[in-house]
Amino acid sequence: MKSHYDFLIVGTGLYGAVFAHEAMKRGLSVLMLEKRAHIGGNVYTEEKDGITIHKYGAHIFHTSDKVIWGYVTNLVPFHPFINSPIANYKGHIYNMPFNMNTFARMWDISTPDEAKRIISEQRGEIKAEPGNLEEQAISLVGRDIYETLIKGYTEKQWGRPCSELPPEIIRRLPVRFTYDNNYFSDIYQGIPDDGYTSLIEKLVDGADIILSVDYLPDRVKWDALSERTLYTGPLDALYGYSKGKLEYRSEIFEEIRVERENFQGNAVVNYTDRETPWTRIIEHKHFAPCSSPVTWISREYPVSYEETGEPFYPVGDERNRSLYKEYRALADKEPRLIIGGRLADYAYYDMDKTIKAALNAASLL
Ligand code: UDP
């Protein structure tokens, strides 16, 4: 450890790691602090029984940006992976995202015209511009699909009624009138061969890293070690919650080793009914070619932020957005401070957007 650094980076997730890499490329010295006992934030992966475990939920890298794809694949090898989740509604199986396979199973039809006719009939109940997630969903795919594949899942995920959620959340999902189960519409899709931890390790190579340390209680002490600070944690915590708490949704992952070769036949199965307490089960071995005789699964339970103290998804409603702006204004007044990443930007970023934002910030160095 040195006595002084050009940059203190708080958080070793994807944003912090890319920024660190870029800073070091420019000859700057970097000290990184991490609250958890490992690097990588929520993309962290770990090997068990020869299987790469996505410890904080499924991460499939997808982008249409050639530069970003080149950036990550130059660092570590990736294998192609097309995400084709299955939805399980009370034991009935449907393909995701919403496409002709889904519509054919739902309505016993076979052509795009038939599907469009049914959806257009069902969407008739929404007269104006959709003002919430429920209206947006019905207007995209009709009430049958909303009730079967969206309502229960979404209400479990966000812990509130679809009528009180913003429409943008559901616009992340494609609706296709082809028999195409590819969840993402991006050109480039894949997963690092040796897991995301290998990617993060490459990015932070050369930085000094201290794990299991909380920056906030000793902010002054840590800042004194560097010229500037990049903070990637929640902004309300940075300012002692002085203007109120930002809301997040959290997750608990129940990891189970199953003495069976194949548990569910797919990497991701969504449980879209209201009664099943988890939203998803991921079976890690299906993310990569693997010959293990056993398997590992993770059940994903959405829970309140209060329950875990771990912020995952920002709740992007009006109150939270305007509260965030107040905190952002405070951060903008601190010349030595840079903030960024999913938590500090209070944004529902995918990984490629996170990397892009970090590259943009680093280009100003
Ligand atoms: N969603 C749904 N049913 C599903 C999967 C997703 O209704 O089977 C909705 C839900 O509202 C969710 C949103 O789509 O919050 C975005 O899903 P995505 O899979 O993009 O979420 P993430 O993987 O980021 O958790």
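Residues numbered from 1 in each chain as written. Predicted model: local features only at pLDDT ≥ 70, side-chain atom pairs only at ≥ 80, totals over all residues. Heavy atoms only, no water.

1. Some details on the site of the ligand
Right, so step 1: As a structural note, the neighbourhood of the ligand is formed by 17 residues, with T154, Y183, N270, Y313 and Y348 the closest of them.
Right, so step 2: At 2.8 Å, a side-chain N or O of N270 approaches an oxygen atom of the ligand.
Right, so step 3: Between the ligand and Y313 there is a distance of 2.4 Å, counted from an oxygen atom to a side-chain nitrogen or oxygen.
Right, so step 4: Protein contacts shield 93% of the accessible area of the ligand, which totals 530 Å² for the unbound molecule.
Right, so step 5: Take the shell around the ligand: its biggest share by element is six residues, from helix α5 (residues 133-158).
Right, so step 6: Across the shell around the ligand, the residue classes tally to 11 nonpolar, four polar and two charged. (Near = heavy atom within 4 Å. Polar contact = N/O pair within 3.5 Å; in protein donor to acceptor, adjacent residues only side chain to side chain. Areas by Shrake-Rupley, 256 points an atom, 1.4 Å probe, with all protein chains shown as cover. Helix = DSSP H or I, 4+ residues; strand = E, 2+ residues; numbered from the N terminus. Nonpolar A, V, L, I, M, F, W, Y, C, P; charged D, E, K, R; others polar.)

2. Quick notes on the packing of aromatic side chains
Right, so step 1: In this structure the tally under the stated criterion is 21 aromatic pairs.
Right, so step 2: Considering the side-chain rings of F103 and W107, the 5.7 Å spacing of their centres and the 15 degrees angle between planes classify their relative orientation as stacked. Linking F103 with W107, this pair stays in helix α3 (residues 100-107), spanning four residues, or about one helical turn. Across the pair, exposure class does not vary: F103 and W107 are buried alike.
Right, so step 3: Measuring from centroid to centroid gives 6.4 Å for Y239 and Y327, while their planes differ by 10 degrees, and the two rings are stacked. Of the two residues, Y239 sits in the loop between α9 (235-238) and β12 (248-258) while Y327 sits in helix α11 (residues 318-332), which places them 88 residues apart along the sequence. (Phe/Tyr/Trp six-rings, centres within 6.5 Å; stacked < 30°, edge-to-face > 60°. Buried < 20%, exposed > 50% of the residue type's maximum accessible area, 1.4 Å probe, protein only.)

3. Describing the pattern of salt bridges
Right, so step 1: Within this structure, the stated rule accounts for 28 salt bridges.
Right, so step 2: Its salt-bridge partner being E22, residue R26 comes within 3.1 Å of it at the nearest N-O pair.
Right, so step 3: According to the relative accessible area criterion, R26 is partly exposed, its value standing at 38%.
Right, so step 4: Using a relative accessible area of 6% as the deciding quantity, one classes E22 as buried.
Right, so step 5: Where E125 meets R143, a salt bridge forms, and the shortest distance between an N and an O atom there is 2.9 Å. Separated by 18 residues along the polypeptide, E125 in the loop between α4 (112-123) and α5 and R143 in helix α5 bring together distant segments of the chain.
Right, so step 6: Given a relative accessible area of 28%, R143 falls into the partly exposed group.
Right, so step 7: A cluster of three or more residues bridged by salt bridges with shared partners is formed by E46, K48, K55 and E255. (Salt bridge = Lys/Arg side-chain N within 4 Å of Asp/Glu carboxyl O.)

Distances and angles like these do not, on their own, reveal function.
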